[in-house]
Amino acid sequence: MFFEETFLLLRAVHSRAGAAYVLCNIAEAWRSDGDYVSARGALERALALFDELGDDQGRSAALNALGNLARSAGDFDGGREWFAQALELRRAAHDRREIALTLAGMGLLELYAGDRDTAGERLGEAMGIFERTEDGPGLQLMPLNVGGFELDHGDPQRAAELLARCEAIGREQGLVRNRGWASAELAEAALALGDPQRARRALDVALALFEHLAEPRGTRYARELEERLGALTHAD
């Protein structure tokens, strides 16, 4: 794995802060694969390194990642504690983008925990910061994450609306990777809604973007959806 090789190189040249950031990246890859135990171990090592260095920016990154990991693992109380610590550090640093990212993580956690009122407050705060700072990737992040939640929780119509908004933002500003994931998840929503034409259009966009980015996980996801689309088309 590239991240593991980079970590070994940074350790060899004694870049402890760099090694800690790479550990955060390794942890995110493990979280995406559902290996929460390995992800937590990597993040705890990163946090310990940042603590030793007195690096509050790094500490906030590791704490925020631990909050996201706890949400993925269903540990909502633990996630709230990690996010609260990250938010305190980021408010002290007056870093508006990082504050907004933590608020967005807190809002998403509350969605999964079933508290839509608190989720709306936190997500609204984050969206306000992204709008004021004209942060394209941040503006993409909100409908992408909430759309994914709605898709996972049985509301493909609402998910499709949000994911189409994210995909549209991506054509003007933001990150290509976010647009790819929005298009892929929009295809899944379209399949759930029984709209194979829309699913096909969204998949074509997603596959082109993922292949351009050499994003294997996204490409696998899109190909799996393509198989489902093929089965649906043949059944008709």
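Residue numbering note: each chain is counted from 1, following its sequence as written. Local features in a predicted model are, by the rule used here, given only for residues with pLDDT of at least 70; side-chain atom pairs are given and counted only at 80 or more, and totals for whole chains, interfaces and linings are based on all residues. Where side-chain values are given, they derive from all heavy atoms of the structure, hydrogens and water being excluded.

Asker: Help me understand the environment of Asp-135 in this model?
Answerer: Locating Asp-135 in the fold gives a position in the loop between helix 7 (116-132) and helix 8 (136-152). Judged by relative accessible area, Asp-135 falls into the buried class, the value being 10%. Between N or O atoms, a polar contact is any pair within 3.5 Å; within protein, one atom must be a potential hydrogen donor and the other a potential acceptor, and residues adjacent in sequence are included only when both atoms are from side chains. A polar contact of 2.8 Å, which involves the side chain of Asp-135, links it to the backbone nitrogen of Gly-138. Under the DSSP-based scheme used, a helix requires at least four consecutive residues in state H or I and a strand at least two consecutive residues in state E, with every element numbered from the N terminus. Burial here depends on accessible area, computed with a 1.4 Å probe over protein chains only, as a share of the maximum for the residue type. Under 20% is buried, over 50% is exposed, and the range in between is partly exposed.

Asker: Honestly, unusual backbone geometry in this entry has me stumped. Any pointers?
Answerer: Comment: phi is negative for the bulk of residues other than glycine, and the bulk of peptide bonds are trans. Despite not being glycine, His-94 shows a phi value in the positive range, around 60 degrees. In this structure, His-94 sits in the loop between helix 5 (76-93) and helix 6 (96-113). The backbone phi angle of Ala-214 is positive, close to 55 degrees, even though this residue is not glycine. For Ala-214, a relative accessible area of 63% gives the class exposed.

Asker: What should I look at first to understand the nonpolar core in this one?
Answerer: When a protein is soluble and globular, its nonpolar side chains tend to lie buried together. Counting residues in hydrophobic clusters, the biggest one holds 24 residues, and the most contacted among them are Leu-144, Ala-187, Ala-199, Leu-203, Phe-210 and Leu-225. Residue assignment for this core shows that the elements contributing at least two residues are helix 8, helix 9 (156-172), helix 10 (176-192), helix 11 (196-213) and helix 12 (216-235). We call two residues in contact whenever any of their non-hydrogen atoms come within 4.5 Å of each other. Here Phe-210 is in contact with Arg-177, Gly-180, Trp-181, Ala-184, Glu-215, Gly-218, Thr-219 and Ala-222, once residues within four sequence places are set aside. To define a nonpolar core, start from buried Ala, Val, Leu, Ile, Met, Phe, Trp, Tyr and Cys residues and group those joined through side-chain atoms within 4.5 Å. Listed in part, the 22 residues of the second largest apolar core include Leu-109, Ile-129, Met-142 and Ile-169.

Asker: Just to check I follow, could you spell out the pattern of salt bridges for this structure?
Answerer: Side-chain pairs of opposite charge can arise where the charged atoms are in close proximity. Put simply, a salt bridge is a Lys or Arg side-chain nitrogen that is within 4 Å of an Asp or Glu carboxyl oxygen. All told, the structure shown has 20 salt bridges when counted by the stated rule. Among the salt bridges present, the one from Arg-40 reaches Glu-44, with a minimum N-O distance of 2.7 Å. Placement of the pair is Arg-40 and Glu-44 together in helix 3 (residues 36-53), with a separation of four residues, close to one helical turn. With a closest N to O distance of 3.9 Å, Glu-188 and Arg-228 form a salt bridge. Of this pair, Glu-188 sits in helix 10 while Arg-228 sits in helix 12, placing them 40 residues apart in sequence. Take Arg-228: its relative accessible area is 43%, and that puts it in the partly exposed class.

Asker: So what exactly am I meant to see when it comes to helix 6 here?
Answerer: Residues spaced three or four apart along an α-helix point in a common direction, a consequence of the helix completing one turn every 3.6 residues. Helix length check: helix 6, at 18 residues, gives a terminal C-alpha distance of 25 Å against a target of 26 Å (1.5 Å per residue), a fit within 8%. Regarding helix 6, the residues found buried are Ile-99, Ala-100, Thr-102, Leu-103, Ala-104, Gly-105, Met-106, Gly-107, Leu-108, Leu-109, Glu-110 and Leu-111. For helix 6, the elements touching its buried residues are helix 4 (56-73), helix 5, helix 7 and helix 8. Downstream of helix 6 by one or two residues, Gly-114 has phi in the positive range, about 95 degrees. Multiply 1.5 Å by the residue count of a helix minus one, and that product is the helix's expected span.

Asker: Can you walk me through the packing of aromatic side chains in this structure?
Answerer: The relation between two aromatic rings is expressed through the spacing of the ring centres and the mutual angle of the planes. Here a Phe, Tyr or Trp ring, Trp counted by its six-membered ring, pairs with any other such ring whose centre lies within 6.5 Å, and the pair is stacked when the planes are under 30 degrees apart, edge-to-face when over 60, and tilted otherwise. All chains considered together, the criterion is met by four aromatic pairs. Pairing Tyr-21 with Phe-50 gives two aromatic rings, centres 4.9 Å apart and planes at 65 degrees, and the pair type is edge-to-face. Here Tyr-21 is found in helix 2 (residues 16-32), whereas its partner Phe-50 is found in helix 3, with 29 residues between them in sequence. Given a relative accessible area of 0%, Phe-50 falls into the buried group. Their ring planes at 20 degrees and their centres at 5.5 Å tell us that Trp-181 and Tyr-221 sit as a pair that is stacked. Highlighted residues: Trp-181 in helix 10 and Tyr-221 in helix 12, separated in sequence by 40 residues. One exposure class covers both Trp-181 and Tyr-221, and it is buried. Of the aromatic side chains, those joined through ring pairs into one cluster are Trp-181, Phe-210 and Tyr-221.

Asker: Can you help me understand the packing of helix 6 against helix 7 in this one?
Answerer: The angle between the axes and the distance between the axes are what describe a pair of packed helices. Two numbers describe how helix 6 lies on helix 7: the axes approach to 8 Å, and their chain directions differ by 160 degrees. Here helix 7 runs roughly antiparallel to helix 6, going by the angle between their axes. Helix-helix and strand crossings are classified by hand; for helix 6 and helix 7 the assignment is left-handed. For the pair formed by helix 6 and helix 7, the contact residues are Arg-96, Arg-97, Ile-99, Ala-100, Leu-101, Leu-103, Ala-104, Met-106, Gly-107, Leu-108, Glu-110 and Leu-111 on the first element and Arg-116, Thr-118, Ala-119, Arg-122, Leu-123, Glu-125, Ala-126, Ile-129 and Phe-130 on the second. Under the convention adopted here, Pro, Cys and the residues Ala, Val, Leu, Ile, Met, Phe, Trp and Tyr are nonpolar, Asp, Glu, Lys and Arg are charged, and Gly plus all remaining residues are polar. Within the contact of helix 6 with helix 7, the residues separate by chemical class into 13 nonpolar, two polar and six charged. Every axis in this analysis is a line fitted to C-alpha atoms, fitted for helices over the stretch in contact. Angles between the N-to-C directions lie between 0 and 180 degrees. Small angles under 35 degrees read as roughly parallel and large ones over 145 as roughly antiparallel, with 65 to 115 read as roughly perpendicular and the rest as oblique. Handedness of a crossing follows from how the near helix is turned relative to the far one, being left-handed for an anticlockwise turn of less than a right angle and right-handed for a clockwise one.

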